[in-house]
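Understanding the architecture of this molecule
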Amino acid sequence: MDAGGDDGTADVARAYRVFARLEARGRSPAYEALATAVADDAGIVGFVATLPAAKRQPNLLFAAARYLLGAPASIGSLRDLVRRSPAELDAVLRTRRTQTNEPARCAVLLPALAQLPEPLALVDVGASAGLTMLFDRYSYDYAGHRLAGADPDAPTLRCRVSGPVPLPRRIPAIVCRIGLDLNPLDVTNDDDVRWLSCLVWPDEEDRAQRLAAAIASARRAPPTVIKGDLLTDLPAVVAQAPAGATVVVCHSSVLYYVTPAQREQFARTVRGLDVTWLTSEAPGVVPGTERPPDDEQTTVLARDGPPLALADSHGTHLDWLG
Ligand SMILES: C[S@@+](CC[C@H](N)C(=O)[O-])C[C@H]1O[C@@H](n2cnc3c(N)ncnc32)[C@H](O)[C@@H]1O
């Protein structure tokens, strides 16, 4: 039975149960168990129901708890935190956002990027800390097809491939990269780095290690991420790209943050610029990339139009369409 009443708590309890079943199951046993236990806990559910709707998501609550506790929450430690330090937890929830930055998404974008005339100027929309702009820093292993990046200590991104993936012979030259984000995270700021690591789910140790190695590499030469809104500030950022480069507006796991009408508005803006548009987003989030409902892949790679490939949202598999 859910721990909810009719004061918003029933919705919260239901949302945590749905998260446990549909998002955490099969991916993180720890989060599946925690979300299920939260749904049955009247104290935690009551606390979550006092938050604005956008601040109630399980992954935000669990990351905030981990940020304060210094370790992934258990139901006991989360209950104690809510009881003893509600103001502290509330403050983290209200100031922080889900901004997971997954460098492995570069492995999905790279084959489509490498087909473009060099040199490239990248504008990464919704860049978070900028880790998905550092294509040439990472090494790649596409099921034995290896590419060496510029930083030997940066992670090697391993990606299974199927279909006629145009695997590049080398990583293209990138002469400029600028990120745009509502709330840029700074790889040189220890609190931001701690927040990024708290956003990785328990049971995903490979992602945690990859993130740590990518951040360490980024700290040696930090990327530029400008504060701004994708709905209004893209043309000004694109204008900063150098002449003579192929300007690529790219984004991964970003556009679902805005409404369908705003996605259409953004698409019109991008199409009005002299740029290549490279996206790795959930099916249908970029207009024109809808997939049949039984499609098991969670991400569609598209360049200036119809889908090129399907992938998983963490960049570990790329399936090129025929
Ligand atoms: C899930 S993160 C993805 C980060 C990165 N693209 C990646 O794939 O690892 C989504 C990012 O989009 C940003 N974002 C959401 N809405 C935005 C907007 N309207 N304008 C700019 N950035 C936005 C968020 O702040 C967040 O950093």
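This write-up is about the structure you can find in this document. Keep in mind the model is a prediction, meaning the values are calculated, not measured.

Points about the site of the ligand
In the region of the ligand, 19 residues are neighbours, and N101, E102, R105, D181 and S252 sit closest. Side-chain polar atom of N101 to an oxygen atom of the ligand: 2.8 Å apart, as the coordinates give it. Within the backbone of L182, one N or O atom sits 3.2 Å away from a nitrogen atom of the ligand. Within the complex, the protein chains bury 97% of what would otherwise be the 600 Å² of accessible surface of the ligand. A per-class count over the shell around the ligand returns 6 nonpolar, 9 polar and 4 charged.

Brief notes about the side chain of H251
Mapped onto the secondary structure, H251 falls in strand β8 (residues 246–252). With residues near it in sequence (within four places) discarded, H251 still touches D124, V125, F266, W277, L278, T279, S280, E281 and V286.

Here's the deal with the environment of A216
Its place among the elements puts A216 in helix α9 (residues 205–220). The spatial distance from the C-alpha of A216 to the C-alpha of V125 is 22 Å, given a sequence separation of 91 residues.

Remarks on the sheet that holds strand β2 (residues 139–142)
The 3 strands are arranged β3-β2-β4 in an open sheet whose pairing can be described as mixed. Edge positions in the sheet fall to β3 (145–147) and β4 (156–158), since each of these pairs with one other strand and no more. Each adjacent strand pair in this sheet contributes to an overall mean axis angle of 15°, direction not counted. In this sheet, β4 lies alongside β2 in parallel orientation, the contact comprising 3 bridges. Looking at the pairing, Y140 lines up with L157 of β4. Against the sheet, helix α7 (residues 105–113) touches β2, β3 and β4, its axis set at about 80° to β2.

Regarding the pattern of salt bridges
Under the counting rule described, the total for this entry stands at 18 salt bridges. Where D41 meets R79, a salt bridge forms, and the shortest distance between an N and an O atom there is 2.5 Å. A residue pair is termed long-range when its members are at least 10 positions apart, and D41 in the loop between α2 (29–39) and α3 (42–49) and R79 in helix α5 (residues 75–84) qualify at 38 residues. We classify D41 as buried; its relative accessible area is 9%. The partner of R83 in a salt bridge is D80, with the nearest N and O atoms 3.6 Å apart. Pair noted here: R83 and D80 are both in helix α5, with a separation of 3 residues, about one helical turn. Of the residues examined, D80 reaches a relative accessible area of 29% and is grouped as partly exposed. Residues joined by salt bridges that share partners form a network here, namely R27, E102, E204, R207 and R210.

Here's the deal with the packing of aromatic side chains
Summed over the entire model, instances satisfying the criterion amount to 9 aromatic pairs. Note on F266 and W277: the rings are 6.2 Å apart at their centroids and 70° apart in plane angle, and the pair reads as edge-to-face. Residue F266 is located in helix α11 (residues 260–271), and its partner W277 is located in strand β9 (residues 276–281); the two are separated by 11 residues in the primary sequence. Each member of the pair, F266 together with W277, is buried. A network of ring pairs unites the aromatic residues Y16, F19, Y31, F62 and W201 as a single cluster. Just above the ring of W201 sits the side chain of R27; from NZ or CZ to the centre is 3.5 Å. Over the ring of Y67 we find R194, and its NZ or CZ is 4.0 Å from the ring centre.

A short note on the sheet that holds strand β1 (residues 120–125)
The pairing of strands in a sheet comes from backbone hydrogen bonds and takes either a parallel or an antiparallel form. With mixed pairing, the 9 strands of this open sheet are ordered in space as β5-β12-β11-β10-β9-β8-β1-β6-β7. Edge strands, defined here as strands with exactly one partner in the open sheet, are β5 (160–162) and β7 (225–227). Strand-to-strand, the axes of this sheet are offset by a mean angle of 20°, without reference to chain direction. Summarising the sheet, strand β11 (residues 307–311) and strand β12 (residues 317–320) pair through 3 bridges and their orientation is antiparallel. Pairing of A311 across the sheet is with L318, part of β12. In the packing of α11 onto the sheet, contacts are made with β1, β8 and β9, and the angle to β9 comes to roughly 150°.

Rules of the game
Residues numbered from 1 in each chain as written. Predicted model: local features only at pLDDT ≥ 70, side-chain atom pairs only at ≥ 80, totals over all residues. Heavy atoms only, no water. Near = heavy atom within 4 Å. Polar contact = N/O pair within 3.5 Å; in protein donor to acceptor, adjacent residues only side chain to side chain. Areas by Shrake-Rupley, 256 points an atom, 1.4 Å probe, with all protein chains shown as cover. Nonpolar A, V, L, I, M, F, W, Y, C, P; charged D, E, K, R; others polar. Helix = DSSP H or I, 4+ residues; strand = E, 2+ residues; numbered from the N terminus. Contact = heavy atoms within 4.5 Å. Pairing = 2+ DSSP bridges. Axes fitted to C-alpha atoms, helices over the stretch in contact; angles between N-to-C directions. Salt bridge = Lys/Arg side-chain N within 4 Å of Asp/Glu carboxyl O. Buried < 20%, exposed > 50% of the residue type's maximum accessible area, 1.4 Å probe, protein only. Phe/Tyr/Trp six-rings, centres within 6.5 Å; stacked < 30°, edge-to-face > 60°. Lys NZ or Arg CZ within 6 Å of the ring centre and 35° of its normal.

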